[in-house]
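Overview (structure and organization)
Each chain is listed here by its residues.
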Amino acid sequence: MQNPLWFLSSRAIQLLATIIGISLITFTLMHLAPGDAAEIWVRNLHSSPADATLQSIREQMGLQESWGHQYFTWLGNAVRLNLGVSFRTGEPVTKEILQRLPATLELTAGAFLFMVCVSLLLGTGGTLFSKRWVDQAIRVWTVAVTSLPSYWLGLLLIFFLAVKLQLFPSMGRGGMLHLVLPIITLGLGMSAVYGRVVRASMMEVFSQDYIKLARAKGLSTREVLTGHVLKNALLPLVTLWGLSLGHLLGGSAIVETIFAWPGLGRLLVDGISQRDYPVIMGCVVFMTIIFVSINLLVDIIHGCLDPRLKKVSAS
Amino acid sequence: MVAAILAVAIMASWLAPHDPLTIDLNRRMEGPSATYPLGTDNLGRCLLSRLFYGARTSLGAGYAVSLVIMAFGLGIGLFSGLAGGKVDAVTMRLIDICLSFPSLILSLALVGILGPSLRNAMIAVTTVWWAGYARLFRGMVLTAKEKEFVVAARVVGARGIKLMRYHILPQIMPVLLVMLPLEVGKIILVLSGLSFLGFGAQAPIPEWGAMLNEARPFFQTYPRLMLVPGGAIFVAVLGLNMLGEGFRDILQVKKPVSWVS
């Protein structure tokens, strides 16, 4: 089996390659995009451009340079954490991203916890009560929830819980109450999917012989669950949950738009509708870095947790 | 149960021509039924007609995109799995790279760059989502390849490409059949989602996600505008999901856990 250091470094290289790859792709695409960057910039500042001004702005922005030159300029800046300046607001992109980051993290973390808890609940319930109506009910629920468009769910929740019943605030970020609806919207769909997975995983572990042995030893159901089933079922689950974070990131774009949540997803969406290319680039690259890093982390954790691998490296 | 909802999903695209495409009827702003069974939307268009035509757009786009994605993914997966060796390794690297991007974000960016339109949204989703299927199918091909009867067939001299189709494909078929409706459902959700954000179908094309978006400013006063298209999406996807589940029950397929991409 591989030496962990080798594993780490090879994955780190892969990470780097991916980041460069995506920045390249994004940059190329933006370059091919219709619309002259200088013009967009100027129009966003509410002035109509005179040709001479446009020209000088173009030169300033380096648009006269070759594609390769532009890309490497951008890359050089990016490495120094300068992702350019937003067309729309004139603020440095890095600053905007960092401003929004905590909001998105809050939302994503909350939704993640929600998803984990609910899916564990559903999965365990399904396992314990399998073949009885609870299991069937959970199954129906799962199918229904995964058919729900998250944006519709969000709107429905806002409508019924926030407007009609006045239970929760419908917009913006604030205290704990503000978090509830967005988290449910973001997390519910995924929790249903993973509820199924948890159940499948648990069922598989349940049918193993050592569970029967534990039962024969006289352990109560609960002890069997926590001691044996959970630990062993958890491994593939943790991997999947980690990977789901990517999905959550994507979903955040939609949820943030609905709930006027000041996060990264919304920054991206707004940037796209305003054709704010530096923001688009910055967001995409940033989010991808997060995504890839998380995947890498998940792989590492998986490697650490898998007792089979542990044994090998110990010898 | 499954069949009934499936019928609804299919019927919608057939019922659509029954209702006149009376869009742009600026006659009334909003109002409930009688001539207009579901009322009118904020621009006075018949909601029911828009719903039916939206079915064509949303469902049609969804089916088209998912078919392309799965076909492509299947093709590449088959190719890679069968070829084996270096070709396989290289292809997998490529696929891994494609998969390391968060799909929704990337498709968002693609649409943003290409410009918001239904066609671009479809292109964006197609480009981003095929890799997951490719990896999955390749995995299945590899498993199928190892089965005894396949090995036996090869020993007897079954020629790589053609006869493999008769040995490997039948093994993949059940999973494929189960996946199809489920994935179509997913793609429909994604495409409508893009439209909802304003990056898919543009006004006045009726598309369920876009209709939801248009309903947003009014949802407090006229919740109907929001309930209807969302409900439509829900029912359509639900039908598809139930179909997939039904297939799974019939075919006794175990859900491939690794596909959550």
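None of these values were measured; they are calculated from a predicted model.

1. Focus on the overall build of chain A
The helix and strand tally for chain A stands at 13 helices and 0 strands. Ordering the α and β elements of chain A from the N terminus gives α-α-α-α-α-α-α-α-α-α-α-α-α. Expressed as a percentage of contacts within chain A between residues at least 6 apart in sequence, the contacts between residues at least 24 apart total 72%.

2. Side note on the overall build of chain B
In terms of helices and strands, chain B carries 9 helices and 0 strands. Across chain B, helices and strands are ordered from the amino to the carboxyl terminus as α-α-α-α-α-α-α-α-α. Across the 261 residues of chain B, 46% fall into the buried class. Considering only intrachain contacts with a sequence separation of at least 6, the fraction spanning at least 24 residues in chain B is 67%.

3. Thoughts on the packing of helix 5 (residues 93–128) of chain A against helix 11 (residues 264–273) of chain A
Residue and element names in this part refer to chain A. Where helix 5 contacts helix 11, the two axes come as close as 7 Å, and the packing angle between them is 130°. Classified by the angle their axes make, helix 5 and helix 11 are oblique. On helix 11, the residues touching Glu 96, Ile 97, Arg 100, Leu 101 and Thr 104 of helix 5 are Leu 264, Gly 265 and Leu 267. When its residues are assigned to classes, the contact of helix 5 with helix 11 shows 4 nonpolar, 2 polar and 2 charged.

4. A short note on the interface of chain B and chain A
Taken together, the contacts link 37 residues of chain B with 43 residues of chain A. For the side of chain B that touches chain A, the secondary structure elements donating two or more residues are helix 4 (103–114), helix 7 (160–196) and helix 9 (224–251) of chain B. For the side of chain B that touches chain A, the element with the most residues is helix 9 of chain B, which contributes 9 residues. Class assignment of the residues belonging to the side of chain B that touches chain A gives a composition of 24 nonpolar, 11 polar and 2 charged.

5. A word on the packing of helix 8 (residues 208–215) of chain B against helix 9 of chain B
Residue and element names in this part refer to chain B. Packing of helix 8 against helix 9 brings their axes to within 8 Å, and their N-to-C directions diverge by 160°. Comparing their axes, helix 9 and helix 8 come out roughly antiparallel. Judged by the sense of rotation from one axis to the other, the crossing of helix 8 with helix 9 is left-handed. Facing Trp 208, Met 211, Leu 212 and Ala 215 of helix 8, the residues of helix 9 in contact are Leu 225, Met 226, Pro 229, Gly 230, Ala 232 and Ile 233. Classifying every residue of the contact of helix 8 with helix 9 gives 9 nonpolar, 1 polar and no charged.

6. A word on the environment of B:Gly112
Here B:Gly112 is to be found in helix 4. Its 29 C-beta neighbours within 10 Å are what place B:Gly112 among the buried residues. Here the alpha-carbon distance between B:Gly112 and B:Gly198, two residues 86 residues apart in the chain, equals 9.9 Å. Once you skip the residues sitting within four places of it in the chain, B:Gly112 turns out to touch A:Ile272, A:Ile280 and B:Phe199.

7. A few points about the nonpolar core
The nonpolar side chains of soluble globular proteins are, as a tendency, buried together. By size, the foremost hydrophobic cluster in this structure holds 134 residues, and its most contacted members are A:Leu268, A:Cys283, B:Ile105 and B:Val125. It is helix 5 (residues 118–145) of chain B that provides the largest number of residues to this core, a total of 15 residues.

8. Here's the deal with helix 5 of chain B
Helix length check: helix 5 of chain B, at 28 residues, gives a terminal C-alpha distance of 40 Å against a target of 40 Å (1.5 Å per residue), a fit within 8%. Of all bends in helix 5 of chain B, the biggest is about 30°, found at B:Trp129.

9. What about the confidence of the model for chain A?
Looking at chain A, pLDDT values average 72 and 61% of them are 70 or higher. Counted against residues more than four places away or in other chains, residues 310–315 of chain A, with its pLDDT under 50, gives 3 contacts.

10. Comments concerning the confidence of the model for chain B
Residues and elements named next belong to chain B. Confidence in the prediction for chain B averages 71 pLDDT; 69% of positions are at 70 or higher. Per-element confidence in chain B is highest for helix 5, whose mean pLDDT is 80, and lowest for helix 1 (residues 2–15), whose mean pLDDT is 57. Below a pLDDT of 50 lies the segment residues 255–261, which in the model reaches 14 contacts outside its immediate sequence neighbourhood of four places, other chains included. If you check the scores for this complex, the pTM reads 0.78 and the ipTM reads 0.75.

11. Here's the deal with the environment of A:Leu245
Relative to the helices and strands, A:Leu245 is located in helix 10 (residues 221–258). For A:Leu245 and A:Asn295, which are 50 residues apart along the polypeptide, the C-alpha to C-alpha distance reads 8.8 Å.

12. Regarding helix 5 of chain A
Over its 36 residues, helix 5 of chain A runs 51 Å from end to end, which matches the ideal 52 Å to within 8%, given 1.5 Å per residue. If you look at helix 5 of chain A, its biggest bend is around 35°, right at A:Leu101, and the proline A:Pro102 turns up within four residues after that.

What counts as what
- Numbering of residues begins from 1 in every chain and follows the order in which that chain's sequence is written.
- A letter from A marks each chain and a number from 1 marks each ligand, given out in the order of writing.
- Where totals are concerned, whole chains, interfaces and linings use all residues; where local detail is concerned, this predicted model gives features only for residues with pLDDT of at least 70, and gives and counts side-chain atom pairs only at 80 or more.
- The helix count covers DSSP runs of H or I at least four residues long, the strand count covers runs of E at least two residues long, and both are numbered beginning at the N terminus.
- A pair of residues counts as a contact when their C-beta atoms, built from backbone coordinates, are separated by no more than 7 Å.
- Exposed residues have 12 or fewer other C-beta atoms within 10 Å of their own C-beta, buried residues have 20 or more, and residues in between are partly exposed; the C-beta atoms are placed from the backbone.
- Axis definition: a line fit to C-alpha positions, over the contact stretch in the case of helices; interaxial angles, taken between N-to-C directions, run 0 to 180 degrees.
- For this classification, under 35 degrees means roughly parallel, over 145 means roughly antiparallel, 65 to 115 means roughly perpendicular, and everything else is oblique.
- Think of it as three bins: nonpolar holds Ala, Val, Leu, Ile, Met, Phe, Trp, Tyr, Cys and Pro, charged holds Asp, Glu, Lys and Arg, and polar takes everything else, Gly as well.
- Crossing handedness follows the turn of the near helix against the far one: under a right angle anticlockwise gives a left-handed crossing, and clockwise gives a right-handed one.
- For the purposes of this analysis, a nonpolar core is taken to be any set of buried Ala, Val, Leu, Ile, Met, Phe, Trp, Tyr and Cys residues that are connected through C-beta atoms within 7 Å.
- One less than the number of residues in a helix, times 1.5 Å, gives the span that helix is expected to have.
- The bend at a residue is defined as the angle formed between two axes, one fitted to the seven residues ending at that residue and one fitted to the seven starting there.
- You can read pLDDT as the predictor saying how much it trusts each residue, on a scale of 0 to 100.

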